[in-house]
Amino acid sequence: MASNEFCDCVISVFGNWSALQLAVDHGMGGSPQETHKKVSDMANSIATLCFSKNVTDGVDIASELEDLMDDNFDTLLEDGSADEVGQLLWDLSRQWLSGDKDGVNSYIASLKKDVLKNHVKSEVNPEVTEEMDVVEDAGSSSNVPSNQPDPDGWVVVKKTRGQRH
């Protein structure tokens, strides 16, 4: 069983994982309460897996991360980030088991702190914010804001050039 302290390390790593951050920001995990529980459960599951005798490397952790992202956030990872995060968590767990908890905590302390802030979208810099387009739904005459899921559950994000607030 993984310690709560190492689980906090996993949550910190998750907070710096762009794929998970995007899934959270776009509400792919459901309500903020549901998302919070999913991220917490995912961290506990991965922390426990890191110390499992059946896991021999970061590939096993990456595979579980991919499954959890698909199951909990309907997100298929094709960017290789699960491999990177899985290997990082594996390395940190080995360092933790060798007794170098201070080294792990130093690494975690070096990570950005503005991550997964209570699973609420982060503040946006108005200088770089660009207006979202309204996308015409091909099957109807109603307008769907581009940051809202369409009837199929997809979110269309368009970037408008040159319009700054």
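Residues numbered from 1 in each chain as written. Predicted model: local features only at pLDDT ≥ 70, side-chain atom pairs only at ≥ 80, totals over all residues. Heavy atoms only, no water.

**A short note on the overall build of the protein chain**
Filter applied, for reference: The secondary structure listing takes helices from DSSP runs of H or I that are at least 4 residues long and strands from runs of E that are at least 2 residues long, numbered from the N terminus. Exposure is judged per residue with a 1.4 Å probe applied to protein chains only, and the accessible area is read against the type maximum: over 50% gives exposed, under 20% gives buried, and values in between give partly exposed. Contacts are residue-level and defined by heavy atoms, with any inter-residue pair within 4.5 Å sufficient. Methods summary: accessible areas were calculated by the Shrake-Rupley approach with a probe of 1.4 Å, and residue burial reflects only the protein chains presented.
Of regular secondary structure, the protein chain possesses six helices and two strands. Order of helices (α) and strands (β) in the protein chain, N terminus to C terminus: α-α-α-α-α-α-β-β. Sorting the 165 residues of the protein chain into buried and exposed places 33% on the buried side. A separation threshold of at least 6 residues defines the contact pool for the protein chain, and within that pool the share at least 24 residues apart is 66%. As displayed, the protein chain offers around 10300 Å² of accessible surface, 49% of which is attributable to carbon and sulfur atoms.

**Topic: the packing of aromatic side chains**
Spelled out, the test is: Ring geometry is summarised as follows: Phe, Tyr and Trp rings, the Trp one being its six-membered ring, pair when their centres sit within 6.5 Å, and such pairs are stacked at plane angles under 30 degrees, edge-to-face over 60 and tilted between the two.
A full pass over the atoms with the stated rule returns three aromatic pairs. An angle of 65° between the planes, with centres 5.5 Å apart, marks the rings of Phe6 and Trp96 as edge-to-face. With Phe6 in helix α1 (residues 4-15) and Trp96 in helix α5 (residues 81-97), the pair connects residues that are 90 residues apart, well separated along the chain. When its relative accessible area of 0% is taken as the criterion, Phe6 is described as buried. A relative accessible area of 6% places Trp96 in the buried class. Consider the rings of Phe14 and Trp17, whose centres lie 6.0 Å apart with planes at 40°: the pair is tilted.

**Considering a negative patch on the surface**
Formally: Nonpolar side chains (Val, Leu, Ile, Met, Phe, Trp, Tyr) are joined into patches within 5 Å and like charges within 9 Å, using only residues with over 30% relative accessible area and no salt bridge. Any carboxyl oxygen of Asp or Glu that lies within 4 Å of a side-chain nitrogen of Lys or Arg is treated as forming a salt bridge with it. By the counting rule applied here, Lys and Arg register as positive and Asp and Glu as negative, while His and the ends of each chain are not counted. For charged residues, the charge sits on one atom: NZ in Lys, CZ in Arg, CG in Asp, CD in Glu.
A surface patch of like charges, here negative, comprises Glu66, Asp67, Asp70, Asp71, Asp74, Glu78, Asp79, Asp83 and Glu84. Elements with a minimum of two residues in the negative patch: α4 (58-73) and α5. Tracing the sequence through the fold places Glu66 in helix α4.

**Here's the deal with the environment of Ser40**
Mapped onto the secondary structure, Ser40 falls in helix α3 (residues 32-50). Sequence separation between Ser40 and Val10 is 30 residues; the distance between their C-alpha atoms is 9.6 Å.

**Comments concerning the nonpolar core**
Note the following rule: What we call a nonpolar core is a set of buried Ala, Val, Leu, Ile, Met, Phe, Trp, Tyr and Cys residues that are connected through their side-chain atoms within 4.5 Å.
In terms of nonpolar packing, the biggest core is built from 35 residues, with Phe6, Phe14, Trp17, Leu20, Met42, Ile46 and Leu65 touching the most fellow members. Elements with a minimum of two residues in this core: α1, α2 (18-25), α3, α4, α5 and α6 (101-110). Excluding its chain neighbours within four sequence positions, the residues that come into contact with Leu65 are Phe14, Trp17, Met42, Ile46, Ala82, Val85 and Gly86.

**Side note on α5**
Three- or four-residue spacings in an α-helix give side chains the same orientation, since the helix completes a turn every 3.6 residues. So the rule is basically this: How far a helix is expected to stretch is found by multiplying one less than its residue total by 1.5 Å. The directions from the helix axis to the C-beta atoms form the arc being described.
In this model α5 runs 24 Å from its N-terminal to its C-terminal C-alpha over 17 residues, within 8% of the 24 Å that 1.5 Å per residue would give. Residues of α5 that are buried include every one of Ser81, Ala82, Val85, Gly86, Leu89, Trp90, Leu92, Ser93 and Trp96, and no others. The arc enclosing the buried residues of α5, seen along the axis, measures out at 165°, which places them on a common side. Residues of α5 that are buried make contact with α1, α2, α3, α4 and α6.

**Structural notes on α1**
Taking 1.5 Å as the rise per residue, α1 with twelve residues should run 16 Å; its terminal C-alpha atoms sit 16 Å apart, in good agreement. Where α1 is concerned, the buried positions are Phe6, Cys7, Cys9, Val10, Val13, Phe14 and Gly15.

**Some words on the packing of α5 against α6**
Geometrically, a packed helix pair is captured by the angle between its two axes and the distance between the axes. Convention followed: Only the stretch in contact is used when a helix axis is fitted, and all axes are lines through C-alpha atoms; the angle between N-to-C directions ranges over 0 to 180 degrees. The handedness criterion is simple: a crossing whose near helix is rotated anticlockwise from the far helix by less than a right angle is left-handed, and one whose near helix is rotated clockwise is right-handed.
The interhelical angle for the contact between α5 and α6, taken along N-to-C directions, is 145°, at an axis separation of 7 Å. When the axes of α5 and α6 are compared, the crossing they make is left-handed. The segment α5 lies against α6, with Leu88, Leu92, Gln95 and Trp96 engaging Lys101, Gly103, Val104, Asn105, Tyr107 and Ile108.

**Regarding unusual backbone geometry**
Of all residues except glycine, most have a negative phi; of all peptide bonds, most are trans. In this structure, Asp74 is a non-glycine residue whose phi angle is positive, near 45°. Note on placement: Asp74 falls in the loop between α4 and α5.

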